[in-house]
Amino acid sequence: MKGRKKGAEIAAPPTRDASSPGLRAPAIFIINFSFNFDESNSKEQGPLHRDEPTTVEETCALRSGIQTEAPQYAETLRFAVPLFLEEAVHLGVGMQIARYCSIVETVWLIMEEDLRLRATFTDAHSRKIEDQTTFAAPNSFTLTDQNSVDMAMSSQPQHPPDVVESEEELVNGIAELSNLRNAMPDNDLNKVDTLMRLAALHAKLYRLCGNDPDAIGVISALREASGLVPDRTEKALTIAKVGSVYLERFKISKGQSNLDDAISCFAQAAELSPREHPMIPNFLMSLSSTYAKRFEHFQSHPDLDLAIAQYEHLNGLVDESHPIKPHVLKEIGKLRRIKEAKDPKLCQDQAELDEMVPFLRNAGGSSSSEPSEKLRGLSQLGAVLRRRFELTGKMADIDEAIAVQLDVVKSVPKGDPQEATYLDGLCTSLIERYGHTWNVRDIDLATEYQQRACDLAPEADHLNNLGLAYYHRFRGRKEQQDMDRAMACFLKAMQATEHGPKAIACLVHLGNCFSTRYRENKDVSALDHAMEHYHRALSLTSDDDPANVKHGLSVNLGTALTERFVATHDKSDIDNAISVLSSASALISPHHPHQVICVRNLSHAYYRRFESYGDPGDSAQAMSRIRFVALLPSAHPLDRYRAARSWVSLTIEENSITGFCEAADLMMDLVPQVVWLGRTIPERHEEITVIGNDLQLIASVAFVENLPKKALVWLERSRSIVWHQQLSLRTSVEALQMEDPDLARKLEDVAEALDYVSTRRVEGESLDLADYSSAEQTEQTQRRLAEQWGELIERVRELPAFKDFLLPRGVDELREATKYGTIVLIVPAGPVKHCSVAILTPLSNQVKMMMFPEFSGNKAEKLWAELRKLLQASHVRSRGTRPRAGLGWTGGFDKILSILWNGLVKPVLDALEFKVPDEGEPLPRIIWCPTGPFSFLPIHAAGLYHRTDPGHRVSDYAISSYTTTITALLQTPALCSASVPSLLAVSQPNTPNLTALPETEVEIRAIQECIQPVHLEWLNGPDATVERTRAQISQSSWIHLACHATQHPTDPLKSAICLHDGRLELGDIIRESHVHAEFAFLSACQTSAGDEKLSDEAVHLAAGMQMAGYRSVVATMWSISDKDGPPLASDFYRRMFEARPDCTRAARALHDAVAKLRDDTRSQSGVTDEWFLRWVPFIHLGI
């Protein structure tokens, strides 16, 4: 016989005589239903908390009379046990409501204490009870065997565990009880008990095996038992239990019939019970929640009405002290919001939105609901997700909102009365996201589809949103017609509404238009008009309006007052501005996302007042407020970055070095969040054009303040940001695999997927809904992957051995790159009018700093402008073009190179104590790391070329290389597939529609003669297709490209190598990871000519090859003469292959090859621009 591990077994009590007064039916009825009166809260086991726990000892003391008087209760155990259990259940209900334990657990604990007493009864009456039973079960059932069908059916873990029979034992028990059930007449007093035992066994078997026939068995037994119970209350309890079993079945089958049957049972239970019965609230709660569940899954709106009606009926039955009252009120509020489609924007409680989202997701995912109802539910889901995004800033919410609303707009039938509303909802979400991502496709689509909504229904809301779309597009593109259209839309919307939220919104937006107009043309009257509209809007508000409405109005008014003070210097304006903005800040939570703009503008107002009147208190207020915004975690990263930038400026003015370092460190930490991996490469480059100067500024200040290590680290972090992000995705996880293989695998999978999607080709923008949806899905995939990547990186850094994983390198790590040579970083002027130089040498642990007061950043920009004019005048934009000498500015190349020599390069060489070496003595190496306009200047060729004696040009002192960043020199070496590298050569003597380059074939043949017996794969002319070249590049460790190349004027990633059937773009090159890559020779034009707007991002073909894994690259700053390619390449490769091929010898080989070209082509008549144009463009990048 099986039993519990603790205590004696208790024989199952037979059913009482129906005529016995004062006794309930077997206690299973109470336990079964009370255990889970509301499925939605089953995990919480009740809605109330108590401050002090109720111990089992205290509970037992409450019913101590039962313990002392138990022998007097009845003549037999059949009466004693139910009486005891009834009292235990009532105590258990109280504890369950207080959320300490389940009823079943409580009853068990109470019963455990009385085990000895009940064991005594068992010994005294066991024979008598066995005589009274009409069957002999194979296993005697303890009381817990039959105490709760809920206990058996529930997925909640039970404590202490029931007796668990094997499947075979349960099947045998069910068979015997079924036979007994069939043999017993309905008037047998024990039949109800037999049916309850049978239901319990079916429930156990269902839990064990999950077979639906067992659930049906539970239902069948309980239904039959309910028909035999004469008392209406007991019948109601049993029928309600049947309803709970139908709910369990629905969890698995999702069939509507189960919910239909559950509703029928709960309704019948409520109808059978007297109004004053304590179980009535439980029945109505279950009935209401089941109606809501049926609406949630099958979108029948009558169910929503019935759910609300039943909850309201229940609310009227229970008083304020009833434990279920708060939950009932909460459910009524939620369902009413869904029914009324109440604007989620009015909701300030994130918890409410969190509760609505899964409900609406399930409703929208139902396949059985009416199409119109499904679209309505999905539209509301989009609105709720958008509102949650406004409160939390989580991109996943606004992305999901737009995806859902796109599906709605695509699915709504033409002519549907809700089409305009659905379009309006989609456009509202697009406008909201545009304010965070500045993706022009979002605002273009919003404008087009909002116009369609207005055409269908020219209502105030739709016109207002159309104006908002035009307004935001104007802010991005600065096209006046967009501003004019925006104001026209707002005025039309105003005509359609006179008061209320719609009128307030129109007035605010018109005020914003006037404020923007002032910023464009500085017409103070525009500010007056703006404030007039803001005041009118404030006059329409009432005490019932949400706090965020008044907050937003006050922020706009306070900002306009500050701007008018700057224009007019009326002190009352700035005083009023500070007062209004302070009041606005107090209206919402200190950590609310809307505080960002308010507190930032308040800081600005304090600073303006300090600037004008010199009160130190205003300066301190400005500093503390802007610091608060910069450190606010809930703020958008770009808002925090801007606040940190203002904070930096204030610390500079205050001469606070400690504050400056704190603010600057924060700025640097925020850069990866602003230039986020979740955005496309062109989008990230666009962000860098905005923030690049800021980062140079703080590095310059660090130089001035004698903080060389800070300056070096900040400078390194501010350059080639996108390249470093992409390279981080290709970081080896070999060491991590040893520590945590599962985490390493996840990181590698996400990195590979993110690398692929983030380097995809971004085609022209299309507003076709199908094309947009496809692009939207891809972009959302990238954002989710970027979020996963960030989360995984944090998990890796939690491991002690990986706490610095992928963190920016410190000075000591950067110094390791000096094994390749002395590194010289050149920084243009920031707030000071000179450039700065930082030097790392192999023999020193210090960062050497130099200032050049006579060589300002403006001077470098002028030199670059003159060089650009000279190149344009010389027509050297593609290989094979003959330079036109003497067409540049006065002085030509000679003057540019002499200014670089005298003002910058020679002082650096002197500081390094470099001397012209004796003949045969090796030259040291300098690796130049220029920033800003210096990136476009030929520093490697600086010198006085009218002098022929040694010591007047940089090449006399050192071998020059360049690097985009110091980190680029520290890339992990490629995997060597062979002892001798393979070389891929590509030549294009006759590229379609471009100038012929006949010497490219001569160039490759010359290389062949130099590198024997190294294997050379030659793709010439028509053989050099885009696909074949791309495939061969990925398999080759060394490559040589002799062809045309182009630099795209607006999108650097579309710069390309020109091949026979098309262009191999930079974007295509960096998308591949070339595991065997070592060296690349780009014998083409402009292969290292980057984008002026992205000077510190090194967005050119040479840098692209570095990113693809080529650690050593020869490239050109502008076009080369076709006839110079063969001799230079021949001389270069002859030197490279004098010993075993090694890419680290490329800098020296190029230095010597260019020196020979320079000497061989020098004119007898002296230096000319044509001569410089032939040899200066060749440069080396990397190790």
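- Going by an unreviewed UniProt entry, the protein chain carries the name CHAT domain-containing protein and comes from Dentipellis fragilis.

**So, the overall build of the protein chain**
Stage number 1. For the protein chain, the count of helices and strands is 46 helices and 14 strands.
Stage number 2. For the protein chain, the proportion of its 1183 residues judged to be buried stands at 57%.
Stage number 3. Taking as baseline every contact in the protein chain between residues at least 6 positions apart, the subset at least 24 positions apart corresponds to 72%.
Stage number 4. With an accessible surface of roughly 49100 Å², the protein chain has 50% of that area assigned to carbon and sulfur atoms.

**Notes on the nonpolar core**
Stage number 1. Membership of the largest hydrophobic core comes to 305 residues, with the highest contact counts inside it found for W928, F1132 and Y1133.
Stage number 2. Judged by nonpolar contacts, the second largest core, of 20 residues, contains L736, L785, L792 and F805.

**Re the side chain of T818**
Stage number 1. Mapped onto the elements, T818 comes out in the loop between α37 (811-815) and β1 (822-827).
Stage number 2. Residue classification places T818 among the buried positions, given a relative accessible area of 7%.
Stage number 3. Residue contacts for T818: discarding those within four places in its chain leaves I823, L840, T841 and P842.

**Structural notes on the environment of E779**
Stage number 1. Inspection of the secondary structure assignment puts E779 in helix α36 (residues 769-797).
Stage number 2. Contact partners of E779, with chain neighbours within four places excluded, come to N439, R441 and R760.
Stage number 3. Polar side-chain contacts of E779 include one of 3.5 Å to the side chain of N439.

**What to know about the packing of helix α44 (residues 1125-1136) against helix α45 (residues 1146-1161)**
Stage number 1. It is at 9 Å that the axes of α44 and α45 come closest, and there the two elements cross at 140°. On the basis of the axis angle, α44 is oblique to α45. The handedness of the crossing between α44 and α45 is right-handed. Of the residues in α45, those in contact with L1128, D1131, F1132, R1135 and M1136 of α44 are A1146, A1149, L1150, D1152, A1153, V1154, K1156 and L1157.

**What to know about the environment of A860**
Stage number 1. The topology assignment puts A860 in helix α38 (residues 857-874).
Stage number 2. Separated by 39 residues in sequence, A860 and I899 place their C-alpha atoms 9.8 Å apart.
Stage number 3. In contact with A860, other than residues within four places in its own chain, are F855, P933, F934 and L937.

**Quick notes on helix α41 (residues 1026-1035)**
Stage number 1. Within α41, burial applies to V1026, T1029, R1030, Q1032 and I1033.
Stage number 2. Where α41 is buried, its residues touch β6 (983-987), β7 (1016-1020), β8 (1038-1042), β10 (1056-1059), β11 (1062-1065) and α42 (1066-1071).

**Quick look at the packing of helix α26 (residues 571-586) against helix α27 (residues 595-613)**
When two helices pack together, their arrangement is given by the angle between the helix axes and by the axis-to-axis distance.
Stage number 1. Relative to each other, α26 and α27 sit at 155°, their axes nearing to 9 Å. With respect to each other, α26 and α27 are oriented roughly antiparallel. Between α26 and α27 lies a crossing whose hand is left-handed. Judged by residue contacts, K571, I574, D575, I578, L581, S582, A584 and S585 of α26 engage Q595, C598, V599, N601, L602, A605, Y606, R608, R609 and Y613 from α27.
Stage number 2. Within the contact of α26 with α27, the residues separate by chemical class into ten nonpolar, four polar and four charged.

**Considering the confidence of the model for the protein chain**
Note: predicted coordinates in regions of low pLDDT should not be interpreted at a detailed level.
Stage number 1. Model confidence for the protein chain is summarised by a mean pLDDT of 78, while 79% of its residues fall at 70 or above.
Stage number 2. A low-confidence stretch, residues 1-164 (pLDDT under 50), is modelled with 275 contacts involving residues beyond four sequence positions or located in other chains.
Stage number 3. Counting interchain partners and residues more than four positions distant, the pLDDT-below-50 stretch residues 1088-1098 has 49 contacts.

**Overview of the packing of aromatic side chains**
Stage number 1. Enumeration over the complete set of coordinates arrives at 23 aromatic pairs.
Stage number 2. Ring plane angle 40° and centroid distance 6.3 Å describe the contact between F565 and Y613, whose orientation is recorded as tilted. With a gap of 48 residues between them, F565 in helix α25 (residues 547-568) and Y613 in helix α27 connect regions that are remote in the sequence.
Stage number 3. Their ring planes at 80° and their centres at 5.4 Å tell us that Y945 and F1172 sit as a pair that is edge-to-face. Of the two residues, Y945 sits in the loop between β4 (925-930) and β5 (959-962) while F1172 sits in helix α46 (residues 1169-1175), which places them 227 residues apart along the sequence.

About the thresholds
Residues numbered from 1 in each chain as written. Predicted model: local features only at pLDDT ≥ 70, side-chain atom pairs only at ≥ 80, totals over all residues. Heavy atoms only, no water. Helix = DSSP H or I, 4+ residues; strand = E, 2+ residues; numbered from the N terminus. Buried < 20%, exposed > 50% of the residue type's maximum accessible area, 1.4 Å probe, protein only. Contact = heavy atoms within 4.5 Å. Areas by Shrake-Rupley, 256 points an atom, 1.4 Å probe, with all protein chains shown as cover. Core = buried A, V, L, I, M, F, W, Y, C linked by side-chain atoms within 4.5 Å. Polar contact = N/O pair within 3.5 Å; in protein donor to acceptor, adjacent residues only side chain to side chain. Axes fitted to C-alpha atoms, helices over the stretch in contact; angles between N-to-C directions. Parallel < 35°, antiparallel > 145°, perpendicular 65-115°, else oblique. Left-handed = near helix turned anticlockwise from the far one by under 90°. Nonpolar A, V, L, I, M, F, W, Y, C, P; charged D, E, K, R; others polar. pLDDT = per-residue confidence, 0-100. Phe/Tyr/Trp six-rings, centres within 6.5 Å; stacked < 30°, edge-to-face > 60°.

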